[in-house]
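Residues per chain, in single letters:
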Amino acid sequence: SAAVAAAAAVPNRSEISHPTKKATCQGVLDVIRKNMLLEWAIFRQRNVWIPTIGFGLLQYVHKMFATLAYMVHEQRPVLKDLGFIVLPALSKDDQYISEVFWGIVFGSMWIFMALNFIGYRHGRTGATSFALMLKRYAIVVGVAACLRSATFIVTSLPGPNYHCQPDSTSYRPPDGAYDVFLNFNLLEGCGDLVFSSHMMYTISALLMFFKYCRWAIVKVLLTICELCLALLIIAARKHYTVDIVVAAYTIPMIFWIYDRYHSDYIPENWLLRAGFAVTGQKLSQIRPKIKPLTTIEVV
């Protein structure tokens, strides 16, 4: 009968082919591999890899200047500061709290940029890449590091942190060329104050979210974290309030100037060299993406 024939036509659930975990993982790895090839095709261009590698060299010079600032620093009483009057000081044991907020903002940026490798579309156009985002961040922070080094090296202010005070037993300034060039003290420096390097790295990271991220809630939460970080840096006596204020207008100014005159334009010949057929297509259209698994309905 017709009912029996219809029942026989309905496939058994055991006969339905579902994507296996192995096949799914293989598909994800294939998308990541293709996107890595795409990113490499962009990164290998001179106007991308040179400023990115130069950023690493500038960080070395920046830390060298910070070590010089520690060498010429003198232990003196802390300057009067409005932030120190308003905010109670954190103890030595609680100073790590500011580093936690710094890690949240800074680490979130790297996770966000890494989404390019699974085909996530950033911003309104979706036409960007990890390499170009890294280039933008490298140039902004690189220029800011140069300005910061030129600022704190010309005027030595008394360090407000505990280990910089006259009665500190952990004050160990660098001694000689070896310490200046090779032995960097990243956690307990003194004298490299104007402007805050914590704010330099994290404000630049936050601005990357405002340019590329489409999720408003993420931008709001990270902005709150950034404001908390600014207050915690002052409360931890790692910087004067002026160091935070100067960073708050210097970094956005650098970011805006770069954004005004430079775009994330990707010439087609960059991608053609990597074997991508891109004629008449945007990067967001050719970027391999991880597709959601489809479900099969049994009628």
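It should be emphasised that the depicted structure is a prediction, and the values quoted were computed from it without experimental measurement.

1. Quick look at the packing of helix H8 (residues 197-212) against helix H10 (residues 241-261)
Part 1 of the reasoning: Here H8 crosses H10 at 45°, and the two axes come no closer than 9 Å. Taken as axis vectors, H8 and H10 run oblique relative to one another. The hand of the H8/H10 crossing is right-handed. From H8, Met199, Met200, Ile203, Ser204, Leu207, Met208 and Lys211 reach across to H10, where they touch Ile244, Ala247, Ala248, Ile251, Pro252, Phe255 and Asp259.

2. Focus on the pattern of salt bridges
Part 1 of the reasoning: A full pass over the atoms with the stated rule returns four salt bridges.
Part 2 of the reasoning: A salt bridge links Arg136 to Asp259; the nearest nitrogen and oxygen atoms lie 3.0 Å apart. With Arg136 in helix H6 (residues 130-152) and Asp259 in helix H10, this residue pair connects regions lying 123 residues apart in the sequence.
Part 3 of the reasoning: Here Arg136 falls in the buried class, since its relative accessible area comes to 0%.
Part 4 of the reasoning: A salt bridge links Asp259 to Lys211, with the nearest nitrogen and oxygen atoms 2.8 Å apart.

3. Side note on the packing of aromatic side chains
Part 1 of the reasoning: Enumeration according to the criterion identifies ten aromatic pairs in this entry.
Part 2 of the reasoning: Both rings, one in Tyr70 and one in Tyr171, keep their centres 5.6 Å apart while their planes meet at 70°; by these two values the pair is edge-to-face. With a gap of 101 residues between them, Tyr70 in helix H3 (residues 46-72) and Tyr171 in the loop between H6 and helix H7 (177-181) connect regions that are remote in the sequence. Accessibility assignment for this pair places Tyr70 and Tyr171 in one class, buried.
Part 3 of the reasoning: When the ring of Trp110 is compared with that of Phe130, the centres are 6.5 Å apart and the planes differ by 50°; the resulting orientation is tilted. Of the two residues, Trp110 is situated in helix H5 (residues 96-114) and Phe130 in helix H6; the sequence distance between them amounts to 20 residues.
Part 4 of the reasoning: With relative accessibility at 32%, the residue Trp110 sits in the partly exposed group.
Part 5 of the reasoning: For Phe130, a relative accessible area of 17% puts it in the buried group.
Part 6 of the reasoning: Grouped by ring-pair contacts, the aromatic residues Phe55, Trp102, Phe106, Trp110, Phe130, Tyr137 and Tyr201 constitute a single cluster.

4. Examining the nonpolar core
Part 1 of the reasoning: One finds Met109, Tyr137, Phe195, Met199, Met200 and Met208 to be the most contacted residues of the largest nonpolar core, which totals 43 residues.
Part 2 of the reasoning: Put simply, the parts of the chain that give this core at least two residues each are H5, H6, H8, helix H9 (216-235) and H10.
Part 3 of the reasoning: Beyond its immediate stretch of four places on either side in the chain, Met199 contacts Ser204, Glu226, Leu229, Ala230, Ile233, Ile244 and Ala247.

5. With respect to the confidence of the model for the chain
For residues with low pLDDT, the predicted coordinates do not support detailed interpretation.
Part 1 of the reasoning: Averaged over all residues, the pLDDT of the chain is 79; the fraction at 70 or higher stands at 75%.
Part 2 of the reasoning: Throughout residues 4-19 the model reports pLDDT below 50, and contacts reaching past four residues in sequence, or to other chains, amount to eight contacts.
Part 3 of the reasoning: Under a pLDDT of 50 for its full length, residues 277-282 has, in the predicted model, nine contacts with residues more than four places off or in other chains.

Conventions and cut-offs
- Residues numbered from 1 in each chain as written.
- Predicted model: local features only at pLDDT ≥ 70, side-chain atom pairs only at ≥ 80, totals over all residues.
- Heavy atoms only, no water.
- Axes fitted to C-alpha atoms, helices over the stretch in contact; angles between N-to-C directions.
- Helix = DSSP H or I, 4+ residues; strand = E, 2+ residues; numbered from the N terminus.
- Parallel < 35°, antiparallel > 145°, perpendicular 65-115°, else oblique.
- Left-handed = near helix turned anticlockwise from the far one by under 90°.
- Contact = heavy atoms within 4.5 Å.
- Salt bridge = Lys/Arg side-chain N within 4 Å of Asp/Glu carboxyl O.
- Buried < 20%, exposed > 50% of the residue type's maximum accessible area, 1.4 Å probe, protein only.
- Phe/Tyr/Trp six-rings, centres within 6.5 Å; stacked < 30°, edge-to-face > 60°.
- Core = buried A, V, L, I, M, F, W, Y, C linked by side-chain atoms within 4.5 Å.
- pLDDT = per-residue confidence, 0-100.

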